[in-house]
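# Overview (structure and organization)
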Amino acid sequence: MKRMKKVFAVLLTLAMVLGMSITVFADLGTAVIPVSGAKEGTQYQYLQLIRPQASESTGWEFVNDAVAGNFTAALQVSDAQTAIWMLIKSQDSSITGPADVTAATEAQIKAAITNVANGGYTLSEAAGTITVSDAGMYYIRATAPGYTYNPMAAYVSFGYTGGVPSSLQTQGVTAKGTEIKTEKSSDEVNKVTEIGRTETYYVGSIVPFVPMGDTNRSYIVKDEIQGAEYITESGKITLTVYYGAEGTALEDLITSVKSENSPAAGGTFTVDVTGSSFTADLSTILENNAHANQPIVITYQAKVTGVTAGNKVSIGDGANFSQFGSGSESLFTGKLTITKKDSSDQTFLDGAKFLISKGAGDSKKYAKFNTDNKFTEWVDTESDALYVTAVNGTVTVEGLDEGTYHIEEKVAPDGYSINEKIEDVTLSVEGEATAVLEGTREVLDTKLSSLPSTGGIGTTIFTIAGCLIMVAAAGLFFASRRKSAK
């Protein structure tokens, strides 16, 4: 708004001159209004707002009643000359003029120029440069693909020779533009999640300045998701909107919304979900350009259902969904592969059953999987978990989060002993994941030892020998009894 102040700075120096009896100006030629700070290829349109008028007390007048109305409404006054005096006094409170007129505030000046931009006026096209042939104040609109610009105001003054206007002069204006970008993110800093988790997604962008007079004033968000399902109620998803102050970095607003000290929500929208996508008409965000050039964050939730979750968003005017930017977010889970082998010959073994858990003691949780070995939930007791079975010597479980996992062999293949010393497996990533995390563990089992065989000739010999010993002992017993009797 400091640049806006400069627009009026020279007005006060000319107020007295133009208030004199100068009624006709000679041909003063033309002036080119330079615009600095704009992206290469930016196009311009312009409209004169204020022009010289010696018969007025300020020396100036608005070009028409409609423009005057834009200013008087914003400055909250009833007549055009009072509005111009307010603009002049905003630069120098000591300027002589109506004593009961106060200086215009920055907010009032900004509102006035915004009113003009929203007025639906027919603007003059600038063919590369803005060339004008009259002194005064001009509204300038700048447009460029992927950028949004604040409405600008430029001042064209007089150059003097011998105290008489002889030329047109201008310092130009500096464009204040913001790249319209759209970013997509979630709460997962390293992009790792697990099946069944509810994720909050964040769409960050910049609200474009779209004059109220434009034919198409639409702001439509199109979102598509794979490997996840939106959290809905009666088939509708709720979008929550947050705004940042103009000049706030988009990244800072996203961080603020994600934190516990997030800004107050700016409103909610309830939108129909069709399959794995939704299209939300948020055009009311553009109303009166109240949020123009402000960062915006839109949040909603979805539940992860696949080993990867992809989410893409595009924002546009309905005809062009990338006009205001697009972004995507990919989340990944982890998988764990266990191979079962004979410890002696390394052959693969079938039929082993395993239990997978996480944590220890009272915090220990057991993983439950569906019939496709995809993670479904964590349970508190082993009996509620589900064993996974090795087929062709291998079993792979999917949909896990990062972390350290314990593997227990609960059932060994026939003829083998259970391996009770299986090392843990850790799934981790440095930075951000770009693919499914993978962990492996080889489990070796040992054959059970052979027991001695039973039956055969050896048993018969021992049996006969035992019988002979018993017969001999009995004979000796009875012989000793007869001898005692005699």
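Residues numbered from 1 in each chain as written. Predicted model: local features only at pLDDT ≥ 70, side-chain atom pairs only at ≥ 80, totals over all residues. Heavy atoms only, no water.

Right, let's get into the environment of T82. For T82, the location among the structural elements is in helix α4 (residues 80-89). The class for T82 is buried, based on a relative accessible area of 19%. Taking the C-alpha atoms as reference points, T82 and T72, separated by ten residues in sequence, lie 8.3 Å from one another. Beyond its immediate stretch of four places on either side in the chain, T82 contacts V77 and V101. One polar contact links T82 to D79, side chain to side chain, over a distance of 2.6 Å. (Helix = DSSP H or I, 4+ residues; strand = E, 2+ residues; numbered from the N terminus. Buried < 20%, exposed > 50% of the residue type's maximum accessible area, 1.4 Å probe, protein only. Contact = heavy atoms within 4.5 Å. Polar contact = N/O pair within 3.5 Å; in protein donor to acceptor, adjacent residues only side chain to side chain.)

Before going further, it helps to spend a moment on the sheet that holds strand β23 (residues 334-342). Pairing within the open sheet is mixed, and its three strands lie in the order β28-β23-β31. The outermost strands of the open sheet, each flanked by one partner alone, are β28 (394-400) and β31 (437-445). Each strand axis lies, on average, 15 degrees off the axis of its neighbour in the sheet, ignoring direction. Where β23 and β28 come together, six bridges link them in antiparallel fashion. Its bridge partner being in β28, L336 is matched across the sheet by V397. (Pairing = 2+ DSSP bridges. Axes fitted to C-alpha atoms, helices over the stretch in contact; angles between N-to-C directions.)

All told, the structure shown has 20 salt bridges when counted by the stated rule. For K340, the salt bridge is made with E409, and the minimal N-O distance between the two is 2.6 Å. Here E409 lies in strand β29 (residues 403-411) and K340 lies in strand β23, a separation of 69 residues in the sequence. The two residues K340 and E409 agree in class, both being buried. Members of the salt-bridge network, linked through shared partners, are E188, E194, R197 and D401. (Salt bridge = Lys/Arg side-chain N within 4 Å of Asp/Glu carboxyl O.)

On to the side chain of E329. Note on placement: E329 falls in strand β22 (residues 326-332). One polar contact links E329 to S186, side chain to side chain, over a distance of 2.9 Å. Aside from chain neighbours lying at most four places away, what touches E329 is K184, S185, S186, E188, K191, Y201, A309, G310 and N311.

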